[in-house]
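Here is what each chain is made of, one letter per residue.
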Amino acid sequence: QMQLVESGGGSVQAGGSLRLSCVVFGRIFSNYAMAWFRQAPGKERQFVAAINSNGEDTHYADSVKGRFAISRDNAMSTVSLQMDRVRPEDTAVYSCAAVLDYGWALKSIIRYDYWGQGTQVTVSS
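As the structure is a prediction and not an experimental result, all values here were calculated from the model.

Draft legend 1. Examining the packing of aromatic side chains more closely. Within this structure, the stated rule accounts for five aromatic pairs. Measuring from ring centre to ring centre gives 6.3 Å for tyrosine 32 and tyrosine 114, while their planes differ by 75 degrees; the resulting arrangement is edge-to-face. Residue tyrosine 32 is found in strand 4 (residues 32-39), and its partner tyrosine 114 is found in strand 10 (residues 114-115); the two are separated by 82 residues along the sequence. Here tyrosine 102 and tryptophan 104 contribute two aromatic rings whose centre-to-centre distance is 5.1 Å and whose plane-to-plane angle is 45 degrees, an arrangement assigned as tilted. Accessibility expressed as a relative area gives 58% for tyrosine 102, which makes it exposed. Relative accessible area serves as the criterion here: at 55%, tryptophan 104 is assigned to the exposed category. What links up through ring pairs into an aromatic cluster is the set Phe37, Phe47, Tyr112 and Trp115. Geometry around tryptophan 115 places arginine 45 over its ring, the cationic atom sitting 4.7 Å from the centre. Taking NZ or CZ as reference, arginine 72 lies 4.2 Å from the ring centre of phenylalanine 29, over its face.

And the structure:
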């Protein structure tokens, strides 16, 4: 079915930047709202950011507002997460997710149907 493949994870110093990418295969990318989630060891998965199908609306967790930016390139079937001024608490496995966009507000989406395998982000102090 739908395949999502993340890349761009790695180690970075606190205050630095990292850019994650997720390429989607097997579906018409422009029909889907996309999101990034993260999960640290021993913690519950957290919502990070979401973007609607045409890229005109975004939504962010309070913890990353002003530091992270989600974007998409529908021609390349890719969603990205630009991470600036990262903090040690940003350390986690980051996964991208997709759901068909029916026009609902991004903050109201509680279920994503397709998930990538995740990419590790480690922020050192």
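Draft legend 2. Spotlight on the state of the cysteines. Going through the model one piece at a time under the given rule, you end up with one disulfide. Each sulfur of the disulfide joining cysteine 22 and cysteine 96 lies 1.9 Å from the other. Because the torsion about its S-S bond is 50 degrees, the bridge between cysteine 22 and cysteine 96 counts as right-handed. Of the two residues, cysteine 22 is situated in strand 3 (residues 18-25) and cysteine 96 in strand 9 (residues 92-100); the sequence distance between them amounts to 74 residues. Residue classification places cysteine 22 among the buried positions, given a relative accessible area of 0%.

Here is what the cut-offs are and how they apply
Residues numbered from 1 in each chain as written. Predicted model: local features only at pLDDT ≥ 70, side-chain atom pairs only at ≥ 80, totals over all residues. Heavy atoms only, no water. Phe/Tyr/Trp six-rings, centres within 6.5 Å; stacked < 30°, edge-to-face > 60°. Helix = DSSP H or I, 4+ residues; strand = E, 2+ residues; numbered from the N terminus. Buried < 20%, exposed > 50% of the residue type's maximum accessible area, 1.4 Å probe, protein only. Lys NZ or Arg CZ within 6 Å of the ring centre and 35° of its normal. Disulfide = S-S within 2.5 Å.

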